[in-house]
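# Survey of secondary and tertiary structure
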Amino acid sequence: MQQHELAVAVDTALERLHLPEDLAVVLFQSVRELLMNVVKHAGTGRAEVRLESAGPALRLIVRDEGPGFDSRVRTAAPASLGSNGFGLFSIRERMRAVGGTLDIESSPGQGTTVTLTVPLTQDSLPTVDDRPAPVGSVLPAGSFRSRTADVTVACMRVLLVDDNAMVRQGLRSLIDGFTGMEVIAETGDGEEAVALADGLKPSVIVMDIHMPKMNGIDATRHIKSRHPETVVIGLSVDAVPDNRAAMTKSGAAALLSKEAAVSQLEGAIRRAVAERDSLSDVGLPPTLPSPGSSQH
């Protein structure tokens, strides 16, 4: 949350915690949305997140020392509460979908504490219907997005490619906060990325390098040879010069480390799109990859 000027103190006594991936993604997104509420409404630069065991359940507590609100009103019907009230309602429904609960303690001038509680035993975990889109699918309407649907500007259509579901979820949460961008699909391997690029024709692809079946370098080369107007931004845990050179040779506009993506991804996308559009304006073709270039 550093990019939003929010310092978050994390407190946990749990050394090891193995959660089903779907549950981990739901909790990640829910806590992030609660912290974004702090950024937007609490008027404070600090929040606390506590993770603790509660018998056969896991408890996540998000607290701020902002102005607070009347929680009896905010937990009523969301339609009359604006975006903040609807966000809390949405998180509550998400918790119900995994057999958990959301509790709010707040009053004017006393800050806000939101507690998420979810069962940890496998038998008590119901099927998650409102889960993030499966690999390779177009995101459905109403998926986990903090942005409203009534966008009036033309959106850059973004395809996410990474074999780690948590990384994809984090990237989707990040891009959802960028004005004029929308994640339309995601996948975890390079071969499917090539197929999705053919079918969906995204304007931007955020591409991991290391993936099964086909790595991001080869996938980028295939995509750019078929769709030279598509902007590809590469991601890697190790954005070393050799990887950067290989991605650039394959047609990517840039390669960012995953650590730097939080602060640099938006700027990299906008610069690459602006450069592509400027070349188009003067009648020059977008950059094509070198024939036969490939690196694993």
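In what follows, the structure referred to is the one given above.
Each value, and the rule that gives it
Residues numbered from 1 in each chain as written. Predicted model: local features only at pLDDT ≥ 70, side-chain atom pairs only at ≥ 80, totals over all residues. Heavy atoms only, no water. Helix = DSSP H or I, 4+ residues; strand = E, 2+ residues; numbered from the N terminus. Expected span 1.5 Å × (residues − 1). Buried < 20%, exposed > 50% of the residue type's maximum accessible area, 1.4 Å probe, protein only. 1 Å grid on protein atoms, 1.4 Å probe; cavity = no way out; pocket = protein on both sides within 12 Å on 5 of 7 lines; lining within 4 Å. Points joined across faces, edges and corners; volume = space filled by probe spheres on them. Nonpolar A, V, L, I, M, F, W, Y, C, P; charged D, E, K, R; others polar. Core = buried A, V, L, I, M, F, W, Y, C linked by side-chain atoms within 4.5 Å. Salt bridge = Lys/Arg side-chain N within 4 Å of Asp/Glu carboxyl O. Pairing = 2+ DSSP bridges. Axes fitted to C-alpha atoms, helices over the stretch in contact; angles between N-to-C directions. Contact = heavy atoms within 4.5 Å.

Take helix H1 (residues 21-42) next. Taking 1.5 Å of rise per residue, 22 residues should cover 32 Å, and H1 covers 30 Å from first to last C-alpha, within 8% of that figure. For H1, the buried fraction is high: 16 of the 22 residues fall into the buried class. One or two residues past the end of H1 sits Gly43, with phi positive at roughly 65 degrees.

Moving on, we get to the layout of surface pockets. Estimates place the volume of the second largest pocket at around 710 Å³. Along the walls of the second largest pocket sit 28 residues, with Met1, Phe28, Arg32, Met166 and Gly170 positioned nearest its centre. Looking at the lining of the second largest pocket, the elements that each hand over two or more residues are strand S1 (7-12), H1, strand S2 (46-54), strand S3 (57-64), helix H4 (165-176) and helix H8 (258-281). Considering each element in turn, the lining of the second largest pocket owes the most residues, 6 residues, to H1. Of the residues in the lining of the second largest pocket, the class split is 21 nonpolar, 4 polar and 3 charged.

Take the nonpolar core next. Of all hydrophobic cores here, the largest spans 24 residues; its most connected members are Met95 and Leu116. Elements represented by at least two residues in this core include exactly H1, S2, S3, helix H3 (82-97), strand S4 (101-106) and strand S5 (112-119). Examining the composition of this core, we find that 8 residues originate from one element, H1, more than from any other. Grouped together as the second largest cluster of nonpolar side chains are 22 residues, Leu196, Ala197, Ala239 and Leu255 included.

With that out of the way, let us pick up the pattern of salt bridges. Pairing is possible between side chains that carry opposite charge, provided their charged atoms lie close to one another. For the coordinates displayed, the defined rule picks out 11 salt bridges. Taking the shortest distance from any N to any O, the salt bridge between Lys258 and Asp208 comes out at 3.5 Å. Of this pair, Lys258 sits in helix H8 while Asp208 sits in strand S8 (residues 204-208); the two residues are 50 residues apart in sequence, bridging distant segments of the chain. Among the residues examined, Lys258 registers a relative accessible area of 24% and is labelled partly exposed. Note on Asp208: relative accessible area 2%, which makes it buried. Its salt-bridge partner being Glu266, residue Arg270 comes within 3.0 Å of it at the nearest N-O pair. Of the two residues, Arg270 and Glu266 are both situated in helix H8; the distance of 4 residues between them amounts to about one turn of the helix.

Another aspect to go through is the sheet that holds strand S10 (residues 254-257). The 5 strands are arranged S7-S6-S8-S9-S10 in an open sheet whose pairing can be described as parallel. Every other strand in the sheet has two partners, leaving strand S7 (181-187) and S10 as the edge strands with one partner each. Neighbour to neighbour, the strand axes of the sheet diverge by 25 degrees on average, direction disregarded. In this fold helix H6 (residues 216-226) packs onto S8 and strand S9 (231-236), with an angle of close to 155 degrees to the strand it touches most, S8.

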